[in-house]
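Chain and residue survey
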Amino acid sequence: MGMAAAESQFHVLAVDDSLIDRKLIERLLKTSSYQVTTVDSGSKALEFLGLSETDESNPSTPSVSPNNHHQEVEVNLVITDYCMPGMTGYDLLKKIKESSSLRNIPVVIMSSENVPSRINRCLEEGAEEFFLKPVRLSDLNKLKPHMKKTKLKDQKQGTSEKLENSEVQQLQPQQQIQNDLQGVPKSQDPQPESESHLEQQQQSLQQANNNKRKTIEQGLSPETDRTRPRYSGIATVV
Amino acid sequence: MNKIWLSSGVLNSQLAKTGLPLWMLGLGADLLWADMNRLLAFLFHQGVLDEQFLQLQQLQDEASPNFVSEVLNIYFHESEKLLTNLRGLLMEREYKKMEIHLNQLMGSSSSIGAKRVTNVCVAFRAATHHTNRAGCLHALEMLEHEYCYLKNKLHELFQIEQQRALVAGVRYPEQNQNQ
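Worth saying up front: this structure is predicted, and the values here are computed from it rather than measured. (Residues numbered from 1 in each chain as written. Chains lettered and ligands numbered in written order. Predicted model: local features only at pLDDT ≥ 70, side-chain atom pairs only at ≥ 80, totals over all residues. Heavy atoms only, no water.)

1. Some details on the overall build of chain B
Of regular secondary structure, chain B possesses nine helices and zero strands. A buried classification covers 42% of the 179 residues belonging to chain B. Counted over contacts in chain B with a minimum sequence separation of 6, partners at least 24 positions apart contribute 64%. For chain B, the exposed area adds up to about 9,700 Å²; of that, 55% sits on carbon and sulfur atoms. (Helix = DSSP H or I, 4+ residues; strand = E, 2+ residues; numbered from the N terminus. Buried < 20%, exposed > 50% of the residue type's maximum accessible area, 1.4 Å probe, protein only. Contact = heavy atoms within 4.5 Å. Areas by Shrake-Rupley, 256 points an atom, 1.4 Å probe, with all protein chains shown as cover.)

2. Considerations on the environment of Lys94 of chain A
All names here are of chain A. In this structure, Lys94 sits in helix α4 (residues 89-98). Among the residues examined, Lys94 registers a relative accessible area of 30% and is labelled partly exposed. The spatial distance from the C-alpha of Lys94 to the C-alpha of Cys122 is 8.9 Å, given a sequence separation of 28 residues.

3. Side note on the pattern of salt bridges
All names here are of chain B. Following the criterion strictly, the structure yields 15 salt bridges over all chains and no others. Across the salt bridge formed by Arg87 and Glu144, the nearest N and O atoms sit 3.0 Å from each other. Taken together, the residues Arg87 in helix α5 (residues 67-91) and Glu144 in helix α8 (residues 133-168) connect sequence positions 57 residues apart. Residue class for Arg87 comes out partly exposed when judged on its relative accessible area of 30%. (Salt bridge = Lys/Arg side-chain N within 4 Å of Asp/Glu carboxyl O.)

4. Structural notes on the packing of aromatic side chains
All names here are of chain B. Scanning the entire structure with this criterion turns up four aromatic pairs over all chains. Ring centres 6.1 Å apart and planes at 55° place the aromatic pair Tyr75 and Phe76 in the tilted group. On the accessibility criterion, Tyr75 (0% relative accessible area) is buried. A relative accessible area of 5% places Phe76 in the buried class. With 6.3 Å between their ring centres and 55° between their planes, Tyr75 and Tyr147 make a pair best called tilted. Taken together, the positions of Tyr75 in helix α5 and Tyr147 in helix α8 put the pair 72 residues apart, joining distant regions of the chain. (Phe/Tyr/Trp six-rings, centres within 6.5 Å; stacked < 30°, edge-to-face > 60°.)

What follows is the structure, given as structure tokens:
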């Protein structure tokens, strides 16, 4: 019962201009025990996140926009459609990553079109995952590691010394690889990794990169192939 | 008690087809279940529906008992608007706007597992890229046909499901005594 309570703390903001897709993603997320808020546009998403469209990424100076309120509800992940009128999912992703208050929030992009260049662009801009629509329950299993990582990072930075901070930040990329590759949430606390373990992870990273290339090539085949490849944000690791 | 079923003409004819007496309603529920599965299997085989439709059904549970019908009603409502608009836009040769409508229809059709409708949208969209008016007209007609067929079949599916739920909930005096 305790586990269920912890899981329900994760709050996802879902952005999609299609009513049907909003209903679907909401049901998918609720079935996976997340709290959900749905909005139908990028600008409403930013509003909800406490950032007006014209806001400079400086949370310390109060914005003159009447819509700006500091984020009252914590959002652990944003999942957004790519193709939306006005602000696209990509634009929203950029705005979030450019904002110093919001850039730690993991962003996932959804699209009905399998366009490798689009997928790459999103991943390079900092999207954690790129899901092809229709999104399935199994896709959502990939979300938890991203949300846990962020929650943990917030907690650590809140209470730790600077030294510990830099350790955590070093660990984060490796933790992400580990989570991306295995897709199953490991224990919540990042243990200090031994060197050999890091080497293993780097080897796995090589493999994962190869897999990623392969899936992009698969993506170029006729779109009727619904065995959709999945894309993880591994590219950002140094 | 039998009067309840006599007034339900559709249910009657369903059961009459099977040649079973009305009182064997427990079996009737199973037969309706079989009918539903037969129709679903047919629709899958014909490529009218795909796996996504099953995903939709799986999302329905006690917490959200009418999820599928809610989503489908939204789908029908939106699609009919889009189809009407498409015809108007085609008359005015507004190919760009048609593409926007088609993307929307394609997205929602794919989301509910309407495979044939989605495929026709793809072909239709290609015709708009080529500003091929004759091709677009043909595609629109096909789209309207596929959509109508889908809607009818889904309504049929729902009817069977409703009857099955109704029948499954019936208690007969004889059955009550046995419990």
